[in-house]
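# Fold and contact review
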Amino acid sequence: MLLASAIAASFRQHFQHEPLLVRAPGRVNLIGEHTDYNAGYVLPAAVDKEICFAVGLNQTDTIRLVAHDLQKTFSVAAANVQRSNTPWANYLLGVVAQFQKRGVDVPGFDCVFGGTIPMGAGMSSSAAVECGLAFALNTLLHTHLDRMTLAHMAQKAEHEFALVQCGLMDQFASLFGQDGQVVRLDCRSLDYEYFPFDTRAAQVVLCNSGVKHSLASSEYNTRRQECEQGVAVLREHYPSC
């Protein structure tokens, strides 16, 4: 609540009107590393680390973004959304572009966001940024898109604006995570099922290696290409795989 209050106060200070508040959690994954884009099973869970958003339509034709933690700002005409030279803004702009590709008229809006998910720690801070804004715009613009559609839009935003060819798990976990549950997703059929996880009986411990990474500049895309090449070789001998 302290984070949400700080984000809301920052929004009012910058923009002088009342926002919609949205929370998007990070995630851990218990089973299935690099299997989401290989159409396998994953077992993620949302965590208490989060990105909080304050978002409001501003009755102009300009999108104004504030990265609270970085103390940075970015603005662009809503009609001229494209990849920028500002990496953090691209995650948000990519989401806007996905609404526009669906024919949604996105007007000017104001957004302040910040969070407690460690950047570069493998807990999907980028997916939380994408999903939080997608959820907020879906609410403010009354587009009535379901959560799976929003997850795919957030994934496409990362593909096209952050240039990371990620699978769907991170965005799915942020939008579908539930308290006290892990969720198994079949990344081929997109069927999913919740399972109770009692953190009083067993706990998930995250160890900080101290190594920071950015998926956009890491070997992630290379690994995906290698997996696709491997599947292509297998299908030469086992066409049904």
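Residues numbered from 1 in each chain as written. Predicted model: local features only at pLDDT ≥ 70, side-chain atom pairs only at ≥ 80, totals over all residues. Heavy atoms only, no water.

Strand order in the open sheet formed by three strands is 2-7-8, with antiparallel pairing between adjacent strands. With one partner strand each, in any of the chains shown, strand 2 (41–42) and strand 8 (192–196) form the two edges of the open sheet. Note: strand 7 (residues 181–186) against strand 8, five bridges, orientation antiparallel. Bridge pairing in strand 8 places V183 opposite Y194. Across the sheet, helix 5 (residues 169–176) lies against strand 2, strand 7 and strand 8, angled at about 60° from strand 8, the strand it touches most. (Pairing = 2+ DSSP bridges. Helix = DSSP H or I, 4+ residues; strand = E, 2+ residues; numbered from the N terminus. Contact = heavy atoms within 4.5 Å. Axes fitted to C-alpha atoms, helices over the stretch in contact; angles between N-to-C directions.)

This part takes up the pattern of salt bridges. Between side chains of opposite charge, a pair can form when the charged atoms approach closely. The tally for this structure, following the rule as stated, stands at eight salt bridges. Here E50 ties to R23 by a salt bridge, and the two come within 2.2 Å at their closest N and O atoms. Taken as a pair, E50 in strand 3 (residues 44–57) and R23 in strand 1 (residues 20–29) lie far apart in primary sequence, 27 residues in all. (Salt bridge = Lys/Arg side-chain N within 4 Å of Asp/Glu carboxyl O.)

In this section: a nonpolar patch on the surface. A grouping of L30, I31, V204 and L206 is seen on the molecular surface, where their side chains present a nonpolar patch of about 340 Å² in accessible area. Within the fold, L206 resides in the loop between strand 8 and helix 6 (220–237). (Patch = residues over 30% accessible without salt bridge, like charges linked within 9 Å, V, L, I, M, F, W, Y side chains within 5 Å. Areas by Shrake-Rupley, 256 points an atom, 1.4 Å probe, with all protein chains shown as cover.)

Right, let's talk about the environment of R223 for a bit. Along the chain, R223 turns up in helix 6. In this structure, the C-alpha to C-alpha distance between R223 and H34, residues 189 residues apart in sequence, is 8.6 Å. Sequence-distant contacts of R223, defined by excluding residues within four places in its chain, comprise H34 and Y37.

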